[in-house]
Each structure stands twice: as structure tokens, then as C-alpha cells.
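Structure at a glance
What follows is each chain in one-letter form.
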Amino acid sequence: MKNPLFIGSAAAIITPFHDNGVDYATYAELIEFQIKGGSDAILVCGTTGEASTMPDEEHIAVIKFAAEKVNRRVPVIAGTGSNDTRHAIELSKAAEAVGADGILSVTPYYNKTTQKGLYGHFKAIADSIKIPMILYNIPSRTNLNMNPETIQALSEIDNIIAVKECNLGQVGDVVNLCGDDFAVYSGDDNAILPVLSLGGKGVISTMANIIPQDTHDMVMKFFQGDTRGAISLQLKTLNLIKALFSEVNPIPIKAAVNLMGFKVGQCRMPLTELAEDHLELLRQEMKAYGLI
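Quick look at the structure, then. None of the values given here were measured: they were computed from a predicted structure.

Let's talk about the overall build of the protein chain
- Within the protein chain, the regular secondary structure consists of twelve helices and ten strands.
- For 292 residues, the compact-globule estimate of 2.2 N^0.38 gives 19 Å, and the protein chain sits close to it at 18 Å.
- Taken over the C-alpha atoms alone, the protein chain extends approximately 45 × 45 × 35 Å along its principal axes.
- Across the 292 residues in the protein chain, those meeting the buried criterion constitute 57%.
- Of all intrachain contacts in the protein chain linking residues separated by at least 6 positions in sequence, the fraction that spans at least 24 positions is 69%.
- When the accessible surface of the protein chain is summed, it comes to about 12,300 Å², and 51% of that surface belongs to carbon and sulfur atoms.
- If you average the places of the 24 positive and of the 33 negative side-chain charges in the protein chain, the two averages end up 2 Å apart.

With respect to the packing of aromatic side chains
- Enumeration over the complete set of coordinates arrives at five aromatic pairs.
- Measuring from centroid to centroid gives 4.9 Å for Tyr24 and Phe65, while their planes differ by 50°, and the two rings are tilted. Highlighted residues: Tyr24 in helix α1 (residues 24-36) and Phe65 in helix α2 (residues 56-70), separated in sequence by 41 residues.
- The exposure class assigned to Phe65 is partly exposed, which follows from its relative accessible area of 23%.
- Grouping aromatic residues by their ring pairs yields a cluster made of Tyr24, Tyr27 and Phe65.
- Its end group placed over the ring of Tyr289, Lys236 keeps NZ or CZ at 4.5 Å from the ring centre.
- The side chain of Arg268 reaches across the aromatic face of Phe17, ending 3.7 Å from its centre.

A look at the nonpolar core
- Core analysis: the largest hydrophobic core is formed by 80 residues, its most contacted members being Val44 and Leu135.
- The leading source of residues in this core is helix α10 (residues 227-244), at six residues.
- Setting aside chain neighbours within four positions, we find Leu135 in contact with Leu104, Ser105, Phe122, Met146, Ile151, Leu154, Ile160, Ala162, Val163, Lys164 and Phe182.
- The next biggest cluster of nonpolar side chains, apart from the first, holds 18 residues, and it includes Leu43, Ile134, Ile138 and Ala183.

Side note on helix α9 (residues 212-223)
- Taking 1.5 Å per residue, twelve residues should reach 16 Å; α9 reaches 17 Å between its end C-alpha atoms and fits that length.
- Taken together, the buried positions of α9 are occupied by Pro212, Asp214, Thr215, His216, Met218, Val219 and Met220.
- Where α9 is buried, its residues contact β1 (8-12), α1, α8 (192-197), β10 (202-205), α10 and α12 (276-289).
- Note on α9: the residue one or two positions beyond its end, Gly225, has a positive phi of about 90°.

A look at the side chain of Glu32
- Note that Glu32 resides in helix α1.
- Judged by its relative accessible area of 19%, Glu32 falls in the buried class.
- Only 2.6 Å separates the side chain of Glu32 from the side chain of Arg73, close enough to count as a polar contact.

Section: the packing of α2 against helix α3 (residues 85-97)
- Relative orientation of the contacting elements α2 and α3 amounts to 35°, with a least axis distance of 10 Å. Note on packing geometry: the crossing formed by α2 with α3 is right-handed. On α3, the residues that touch Asp56, His59, Ile60 and Ile63 of α2 are His87, Leu91, Ala94 and Ala95.
- Among the residues making up the contact of α2 with α3, the classes are represented as five nonpolar, two polar and one charged.

Topic: unusual backbone geometry
- Of the consecutive residues Asn249 and Pro250, the connecting peptide bond is found in the cis state with omega at 15°.
- The omega angle of the peptide bond from Met269 to Pro270 is 20°, so this bond is cis rather than trans.
- Mapping Pro270 onto the fold places it in the loop between α11 (251-259) and α12.
- With a phi angle near 65°, Tyr110 is a residue other than glycine that sits in the positive phi range.
- Along the chain, Tyr110 falls in the loop between β6 (102-106) and α4 (115-127).
- Its identity as a non-glycine residue notwithstanding, Lys112 has a phi of 55°, on the positive side.
- For Lys112, the position within the fold is in the loop between β6 and α4.

What counts and how
- Residues numbered from 1 in each chain as written.
- Predicted model: local features only at pLDDT ≥ 70, side-chain atom pairs only at ≥ 80, totals over all residues.
- Heavy atoms only, no water.
- Helix = DSSP H or I, 4+ residues; strand = E, 2+ residues; numbered from the N terminus.
- Rg over C-alpha atoms; globule rule 2.2 N^0.38 Å.
- Buried < 20%, exposed > 50% of the residue type's maximum accessible area, 1.4 Å probe, protein only.
- Contact = heavy atoms within 4.5 Å.
- Areas by Shrake-Rupley, 256 points an atom, 1.4 Å probe, with all protein chains shown as cover.
- Lys, Arg positive; Asp, Glu negative; His and termini not counted.
- Charge placed at Lys NZ, Arg CZ, Asp CG, Glu CD.
- Phe/Tyr/Trp six-rings, centres within 6.5 Å; stacked < 30°, edge-to-face > 60°.
- Lys NZ or Arg CZ within 6 Å of the ring centre and 35° of its normal.
- Core = buried A, V, L, I, M, F, W, Y, C linked by side-chain atoms within 4.5 Å.
- Expected span 1.5 Å × (residues − 1).
- Polar contact = N/O pair within 3.5 Å; in protein donor to acceptor, adjacent residues only side chain to side chain.
- Axes fitted to C-alpha atoms, helices over the stretch in contact; angles between N-to-C directions.
- Left-handed = near helix turned anticlockwise from the far one by under 90°.
- Nonpolar A, V, L, I, M, F, W, Y, C, P; charged D, E, K, R; others polar.

Here it is in C-alpha cells:
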């Protein structure tokens, strides 16, 4: 049996920046907000954390800071994906060395690969570390889908324990092929309940940056048999989610965290500030939700 790193909600937290790099004082505040808010794990240096704009030294420093600050209170999962297998291995080994409890590794982007190449890529990364690994399948960003059969083959590797799945149409096939001890997490905030209903174990969430308790509660209510309560929470979040994805992630969520009073700065280029009309929509939905 494979033990999941978490059941529930993992917050894919943003990275606060200032002119000289990472704002670690604010980062510490965000981590504490997540733990107090009920998040079951924290993902650092993911898409929402703008890892693609971080030099390796900064990337690893952020993982190290998060691991030390969290201090085993919840699992810390480090985004260490790359479209260069050797680079992904280096980042994954470094993340393990500085205290990450697990890694999240995305399918190669731009150069892409075949299904055979995907298997070889992820196996090489998994073989280089001892900590658990979560696969990340997000075709909308990579223009590459990892087929259920490939996920099944990878699930037979001891420390590949889960997938963050953004292709809702294949969740059922993945669960059927991989069995109950291989965790499937929703990669889309608007599809948490559908994934849970097909055997998923939770979500790796963007919206948990601002509503950690509701995101956690949605999953737990489902597992506790309060399906009506879980559905109610999912429906409650939908208009907020639309505002949070009015532009490419993490532009809106970073604006939302700023609106809540955390001084997290702006996204790094090439991402830009949220357009004024989208900011107004976000402000309205956050007010309606009771966040500001």
C-alpha cells in the first residue's frame, strides 16, 4: 500500500516578491495563514508560485525556507518539474536535501515527448530521490497529455504515489487502472467534487490561497458523508473561481491576496498586473464571498 502525502486540500501558495527577490517575512505570514486555515499540505514553487521565473538558487532557497517554517506541521511539496530531465533531477535532489516531504513534477513542455518519453522522464526523476513524487498532468499549459496507461505504468514505481490531474475526462480511467492506493488530486478548483466522486483524494488548489478553510472543508465534508454540504461549498466557490481565473494564473490570485491585506507584490514578467475590469470583478466577488 502507498500512503498519500495528504488527503484533503494542498494550497499551491504564491511567492511574494519585492525588488530584491523573495519577501520571506510575508512568505512566513502566508504559510501561517494556510496552516491556521486548515490546509492539509502546502505546495511551494508551483505554477501559482511562479517557479518558472526563479533561478535555481532562489528556487531551492524558497523550498528550504518553507520546510523549516512549516516544521513538519503539514507536508511541504516542492514543485521541481522541468522539460529537461537532468534539470528536473537536480532540482528534485536539492528539494529533498533541504527538507521537502515530496515533489510535484509536471509533464515536459515545449519540447514535449512521447508516452514512452514521459515514462522514462518520470522514472529517472523518481529513481534519483527517496521522497514521494506526484505527477502533474496539465495539457492546457504543456500541450501534452499523459495517458492513463502511462500513469498506470508509472504508478508501479514505489515512490510515485499520486497524480495532480487536470484532464477531468480521464480521471475515472486513471482510478480504475491505478487502484485506490494511488492518489488522484484535482488540479482544477471548479472540479473538486467531480474528481472526488470518481475516487479522488483531494485537490492541489489555487483558491486555497484565500479560502483555505472552505477548500479543506469541501473535501472533508465529502469524505464524512455530507455530500450536500460539499456540493454547497463547491457551488459557493464557482463565481469566485471565475474571477480568480479571469486572466492567466497567478495574476488574479496574487491580486486577491493583496486585496486581503498581504503585501505580496506583483507577478514577475512576462506576467503583468490584473486588468482594471478584471480587478473590479475580483473585488466584487471577494466582497460577495465575505473576504473583504
